[in-house]
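Examination of the molecular architecture
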Amino acid sequence: MSSFYNLPQGIVKTLVNDQRLNGSVFIPMDRDNVLEKQFTSLGFKTASNCDEQAVYDDAFWVTNDKKYDYVVCVTIGDRELADHVCNWGVLIAKKAVIVLDRVTFLEPVKKRRDLLENHKISNMIVLNPRPQYRAMGTTKDSVTSCWFTFKRKQDWADGTHISFAVDWNACKPDVSSDAIHRIREGNDNPVKGEQQKAG
């Protein structure tokens, strides 16, 4: 993404909350460190790269082999980057490679055939409304965007889990999933460890 584009707030949080990510994040291409800033603000240990030429150097990937739990990248509109990040990411990530791209990423193109046949998509998060990536103007993207996750084979069940992040950009309170379960069950007593001392 060039500086003409931005990454709307809330997109990374949607991914983290949906898939309960836990671990370190490597961002192989992050112009202006936009993605890194969002992950860091959520408490993740991250490493990123802004040099586009480095991404296409095999030594760059070998150097980062098995150092990070997740390889995450925004590849919207750049098929070559998407293919390169996915093909290398599935080799070096400890847990998963995750890309944010348009739903057209699923089109069966010859270049992506081996990836899609050998590494199943474990998770998809469909974003609605369509994000506005343009830094100027109000035009939303013309194609639906998704987070695509390729987990290691031992970590996913057979089949793809699809989530629909409706109103992902709405202002929502930060409530833990445990608190939500207690509210739904009618028990608003905090679990041990969440209680605060009175005084």
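Look a little higher up for the structure.
In this text the structure is predicted, and so the values were computed from the model without any measurement. (Residues numbered from 1 in each chain as written. Predicted model: local features only at pLDDT ≥ 70, side-chain atom pairs only at ≥ 80, totals over all residues. Heavy atoms only, no water.)

**Some words on the pairing of strand 6 (residues 145-151)**
Counted residue by residue, strand 6 has six buried out of seven residues, so it is predominantly covered. Pairing of strand 4 (residues 96-102) with strand 6, which is carried by seven bridges, proceeds in the antiparallel orientation. Considered in strand 6, the bridge of arginine 102 is made with serine 145. Across four bridges, the pairing between strand 5 (residues 123-128) and strand 6 is antiparallel. Looking at strand 6, one finds that methionine 124 is bridged to phenylalanine 148. (Buried < 20%, exposed > 50% of the residue type's maximum accessible area, 1.4 Å probe, protein only. Helix = DSSP H or I, 4+ residues; strand = E, 2+ residues; numbered from the N terminus. Pairing = 2+ DSSP bridges.)

**Examining the pairing of strand 4**
Where a strand is regular, its side chains alternate between the two sheet faces. Of all the seven residues making up strand 4, six are buried; the element is thus mostly covered by neighbouring parts of the structure. Alignment of strand 3 (residues 70-74) against strand 4, held across five bridges, turns out to be parallel. By the bridge assignment, tyrosine 70 is partnered in strand 4 with alanine 96. In this view, the connection linking strand 3 to its parallel neighbour strand 4 by way of helix 5 (residues 79-92) has right-handed handedness. (Right-handed = clockwise from strand over helix to strand, strands pointing away.)

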